[in-house]
Amino acid sequence: MSSNELYDLYKDAGHVPTEILTNGILAAICFSGITLNMLLVYVTVKSKSLRSSCNILITFYAFSISFILIGDSVPFFVFLFGINFISLQLCFYIQIIPLIFAAFAISLQLCIGIDRLVGISFPIWYKMGGSESENNKALMFSLSVIMSIGLICYIGTCVFFNFIMPLLGLNFLTIEYIVWPICNGLGSMACSSCTPVLFLCSTDYRKAFCKYLRRTEHQINVVVPLRIMPASDIRA
């Protein structure tokens, strides 16, 4: 089945449960990633200990990739409302902002890499030393994990589509309902990995998250009894 045949099949079909399910799972991953990235932005803004240039670049990066996740969640709403297909012009207007932020995120990756290179090559000039040096190592490890996750997902997807999938001879429906959701899901999880990785690998970020996002489980209300004094004890 070709893409044209799929269009003829679903253009007036109304709600397609399979598409709603697969894109709904992807949208759930995207919404989770957006929430995590916004939490990272919130904690960085609130915390005074996360004020280095690298912390700021990471915050902008998390904010930018959130728009990529917003763009990835659009197909779910298209199928949820039974539209199924939209025009290329409307698709352009919907995706132009996520694409701009995607390009911005790529530029930020380069900026973060340059910042880390300067921090390692010129530690005195970068004003790193003592306990900050240890935090610098943890932050460097966290960034390496984040970039590795994204790189593995991207390279794995490219290798599969260009070398493995032609050998398997998969039909269009298999690609539409199995291959694409898995590949898109991996990409969305990579865009959602900043906050979990920083929380697990960086002490500074973990302390900031625990400080600003902790919840008080039990609130103790102290009731002070009111003692009414006799009129004779009140002096003018």
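Residues numbered from 1 in each chain as written. Predicted model: local features only at pLDDT ≥ 70, side-chain atom pairs only at ≥ 80, totals over all residues. Heavy atoms only, no water.

A. Local environment of the overall build of the protein chain. Across its full length, the protein chain carries nine helices and zero strands. Counting helices and strands in the order they occur from the N terminus, the protein chain gives α-α-α-α-α-α-α-α-α. A burial count over the protein chain gives 32% of its 236 residues as buried. As displayed, the protein chain has an accessible area near 15,300 Å², and 69% of this comes from carbon and sulfur atoms. (Helix = DSSP H or I, 4+ residues; strand = E, 2+ residues; numbered from the N terminus. Buried < 20%, exposed > 50% of the residue type's maximum accessible area, 1.4 Å probe, protein only. Areas by Shrake-Rupley, 256 points an atom, 1.4 Å probe, with all protein chains shown as cover.)

B. Fine view of the packing of aromatic side chains. One pass over the structure, following the stated rule, counts seven aromatic pairs. Ring geometry for Phe67 and Phe101: centres 4.0 Å apart, planes at 5°, overall stacked. With Phe67 in helix H3 (residues 53-72) and Phe101 in helix H5 (residues 88-121), this pair connects stretches of sequence that are 34 residues apart. Judged by centre distance (6.0 Å) and plane angle (75°), the ring pair of Phe199 and Phe209 falls under edge-to-face. Here Phe199, found in helix H8 (residues 194-201), pairs with Phe209, found in helix H9 (residues 203-213); they are 10 residues apart in sequence, far enough to count as distant. Feature note: the residues Phe31, Phe76 and Phe77 constitute an aromatic cluster, connected by ring pairs. (Phe/Tyr/Trp six-rings, centres within 6.5 Å; stacked < 30°, edge-to-face > 60°.)

C. Quick peek at the packing of H3 against H5. Contact geometry for H3 and H5: axes closest at 8 Å, N-to-C directions at 155°. As judged from the angle between their axes, H3 and H5 are roughly antiparallel. In terms of crossing hand, the pair formed by H3 and H5 is left-handed. For the contact of H3 with H5, the residue count by class is 18 nonpolar, five polar and two charged. (Axes fitted to C-alpha atoms, helices over the stretch in contact; angles between N-to-C directions. Parallel < 35°, antiparallel > 145°, perpendicular 65-115°, else oblique. Left-handed = near helix turned anticlockwise from the far one by under 90°. Nonpolar A, V, L, I, M, F, W, Y, C, P; charged D, E, K, R; others polar.)

D. Molecular detail of the UniProt feature "transmembrane region" (unreviewed entry) in the protein chain. Feature annotation in UniProt places "transmembrane region" (unreviewed entry) on residues 20-45, 57-86, 92-118, 139-165 and 177-201, given in this structure's numbering. Span residues 139-165 is 100% helix and 0% strand, its end C-alpha atoms 37 Å apart. Along residues 177-201 one finds 92% helix and 0% strand; the C-alpha atoms at either end are 35 Å apart. (UniProt positions renumbered as here; feature names shortened; annotations may be inferred.)

E. Seen up close, the layout of surface pockets. The volume enclosed by the largest pocket comes to roughly 1,600 Å³. Along the wall of the largest pocket there are 49 residues; nearest its centre are Ile68, Asp72, Trp180, Cys183 and Asn184. At the level of secondary structure, the elements contributing two or more residues to the lining of the largest pocket comprise helix H1 (3-10), helix H2 (17-46), H3, helix H4 (74-80), H5, helix H6 (131-168) and helix H7 (172-191). Among the residues forming the lining of the largest pocket, the class breakdown is 33 nonpolar, 13 polar and three charged. (1 Å grid on protein atoms, 1.4 Å probe; cavity = no way out; pocket = protein on both sides within 12 Å on 5 of 7 lines; lining within 4 Å. Points joined across faces, edges and corners; volume = space filled by probe spheres on them.)

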